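# Tertiary structure, described
Here is how the chains run, residue by residue.
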Amino acid sequence: MDEEDADHQDDLRDGDEPEEDAALDFAIVVYREDDKWEADMLPFALTSNLDRLIQALRQQPSMSGTIGLVDIGDEFFVALRVLGDRVSVFLSDISAAWDWPLAEQVLEYLDIPVPDEEELEAILREDKRMVLPAGDLSIFADLGMDEMELLALSGDRELLPDEVLSSIAARLGFSQPYERAVDAALG
């Protein structure tokens, strides 16, 4: 295990993530260069550290902002967009903040308290399959994906987080570079 992987494991709470699931975590940076979309994988350690993830996205110049897409196994995803000084963040499911450092960090960044179990149970009492996203639903609106479409995709329990991210990539027009980067990340 290299130093970044060790740091990631140290950041996780005891027993939260089986070792084989870590192989499914990835972070991808997407950007426009010479009027075409490009995508690259980011270091694995960024899947557990929001500040370092934002810092990495700021280092990649782009005409329409830099996009970060993070998939944490079959659990949740985070989408980020850095455009100048503005950082937009979207978390697919707030309940992930109980078990995953990145999700908790996103809620802290958004100044949203992590709901306690009783609060969440009260909200979900009517529909146990409901997903509760948080953050900027208009993160991709200027690129052609409106709030309702992002909400519908992220709330579809039939889709795994990686499938939602693939759908977002396809809808925004960077499916091929994104899929190449995912393939490289998952080896």
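Scroll up for the structure.
Anyway, here's the lowdown on the structure attached to this text. The shown structure was predicted, so the numbers you read here are calculated from the model rather than taken from an experiment.

### So, the side chain of Ser88
Considering the arrangement of structural elements, one finds Ser88 in strand E5 (residues 86-91). Polar contacts involving the side chain of Ser88 include one to the side chain of Asp136, which spans 3.1 Å. Beyond its immediate chain neighbours, meaning those up to four positions away, Ser88 contacts Ala79, Leu80, Arg81, Asp136 and Ile139.

### Some words on the environment of Asp142
Among the secondary structure elements, Asp142 is positioned in the loop between strand E6 (134-135) and helix H6 (147-154). Residues Asp142 and Ser64, spaced 78 residues apart in sequence, show a C-alpha to C-alpha distance of 9.5 Å.

### Structural notes on the layout of surface pockets
In this structure, the largest pocket encloses a volume near 240 Å³. Asp74, Glu75, Asp93, Arg157 and Pro161 are, among the 18 residues lining the largest pocket, the residues nearest its centre. Put simply, the parts of the chain that give the lining of the largest pocket at least two residues each are strand E4 (76-83) and helix H7 (161-172).

### Focus: the pairing of strand E2 (residues 36-41)
As judged from the 6 bridges shared by strand E1 (residues 26-33) and E2, these two strands associate in the antiparallel manner. Bridging across to E2, Ile28 finds its partner in Met41. In textbook terms, the turn of a hairpin is the stretch between consecutive antiparallel strands, and for E1 and E2 this stretch comprises 2 residues, one of which, Asp34, has a positive phi near 55°.

### Section: the side chain of Asp93
With respect to the secondary-structure elements, Asp93 resides in the loop between E5 and helix H4 (101-109). Among buried Asp, Glu, Lys and Arg side chains, Asp93 stands out as unpaired, with Arg157 the closest opposite charge at 4.3 Å. A distance of 3.0 Å separates a polar atom in the side chain of Asp93 from a polar atom in the side chain of Ser95. Residue contacts for Asp93: discarding those within four places in its chain leaves Val131, Leu132, Pro133 and Arg157.

### Observations regarding the packing of H7 against helix H8 (residues 175-186)
It is the contact of H7 with H8, at a shortest axis distance of 8 Å, that shows an interaxial angle of 145°. Two packed elements cross with a definite hand, and for H7 against H8 that hand is right-handed. Residue-level inspection shows Asp162, Leu165, Ser166, Ala169 and Ala170 of H7 in contact with H8, the latter providing Ser175, Tyr178 and Glu179. For the contact of H7 with H8, the class distribution of residues is 4 nonpolar, 2 polar and 2 charged.

### Regarding the nonpolar core
If you look at the biggest cluster of nonpolar residues, it comprises 30 residues, and the most contacted ones within it are Leu42, Val70, Phe76, Val78, Leu80 and Leu91. Secondary-structure elements contributing two or more residues to this core are E1, helix H3 (50-58), strand E3 (66-72), E4, E5 and H4. With 5 residues, the single largest contributor to this core is H3. Among residues more than four places away in sequence, those in contact with Leu80 are Leu50, Leu53, Ile54, Leu57, Thr66, Ile67, Gly68, Val70, Ser88, Val89 and Ile139.

### Brief notes about the sheet that holds E6
Strand order in this open sheet of 6 strands is E2-E1-E3-E4-E5-E6, and the pairing throughout is antiparallel. Edge positions in the open sheet fall to E2 and E6, since each of these has one partner strand only. Packed onto the sheet, H8 meets E1, E2 and E3 and runs at close to 10° relative to E2.

### Considerations on a negative patch on the surface
A cluster of acidic residues, Asp74, Glu75, Asp99, Asp156, Asp162 and Glu163, forms a negative patch at the surface. Locating Asp99 in the fold gives a position in the loop between E5 and H4.

### Considerations on the environment of Asp74
Here Asp74 shows up in the loop between E3 and E4. Asp74 sits 87 residues away from Pro161 along the chain, and the two C-alpha atoms are 6.1 Å apart. For Asp74, the residues in contact, after removing those within four places along its chain, are Leu160 and Pro161.

Definitions and cut-offs
Throughout, residues of each chain are indexed from 1 in the direction in which the sequence is written. Given that this is a predicted model, residues contribute local features only at a pLDDT of at least 70 and side-chain atom pairs are listed and counted only at 80 or more, while totals for whole chains, interfaces and linings are drawn from all residues. Only hydrogens and water are removed before side-chain values are computed, so all heavy atoms of the structure are retained for them. We count a stretch as a helix when DSSP gives it H or I for four or more residues in a row; a strand needs E for two or more, and each element gets its number in order from the N terminus. Here a polar contact is recorded for every N or O atom pair within 3.5 Å, except that within protein the pair must consist of a potential hydrogen donor and a potential acceptor, and residues adjacent in sequence are included only if both atoms are side-chain atoms. By the convention used here, residues are in contact when the closest approach between their heavy atoms is within 4.5 Å. Buriedness of a pocket was judged along seven lines, with at least five required to meet protein on both sides within 12 Å; pockets are open sets of points on a 1 Å grid over the protein atoms alone, cavities are sets where a 1.4 Å probe fits but cannot get out, and lining residues have an atom within 4 Å of a point. Grid points are joined across faces, edges and corners, and a volume is the space filled by probe spheres set on the points. DSSP bridges decide pairing: two strands pair if at least two such bridges lie between them. Residue exposure (1.4 Å probe, protein chains only): buried if accessible area is under 20% of the type maximum, exposed if over 50%, otherwise partly exposed. Counted as positive: Lys and Arg. Counted as negative: Asp and Glu, with His and the chain ends omitted from the count. We count a salt bridge whenever a side-chain nitrogen from Lys or Arg sits within 4 Å of a carboxyl oxygen from Asp or Glu. Every axis in this analysis is a line fitted to C-alpha atoms, fitted for helices over the stretch in contact. Angles between the N-to-C directions lie between 0 and 180 degrees. Whether a crossing is left-handed or right-handed is set by the direction in which the near helix is turned from the far one by less than a right angle, anticlockwise for left-handed and clockwise for right-handed. Note on residue categories: nonpolar means Ala, Val, Leu, Ile, Met, Phe, Trp, Tyr, Cys or Pro, charged means Asp, Glu, Lys or Arg, and polar means any other residue, Gly included. Residues belong to one nonpolar core when they are buried, are Ala, Val, Leu, Ile, Met, Phe, Trp, Tyr or Cys, and are joined through side-chain atoms within 4.5 Å. Here the term patch refers to residues with relative accessible area over 30% and no salt bridge, with like charges joined within 9 Å and nonpolar side chains (Val, Leu, Ile, Met, Phe, Trp, Tyr) within 5 Å. Accessible surface area values rest on a Shrake-Rupley calculation with a 1.4 Å probe, where residue burial reflects the displayed protein chains alone. For charged residues, the charge sits on one atom: NZ in Lys, CZ in Arg, CG in Asp, CD in Glu.

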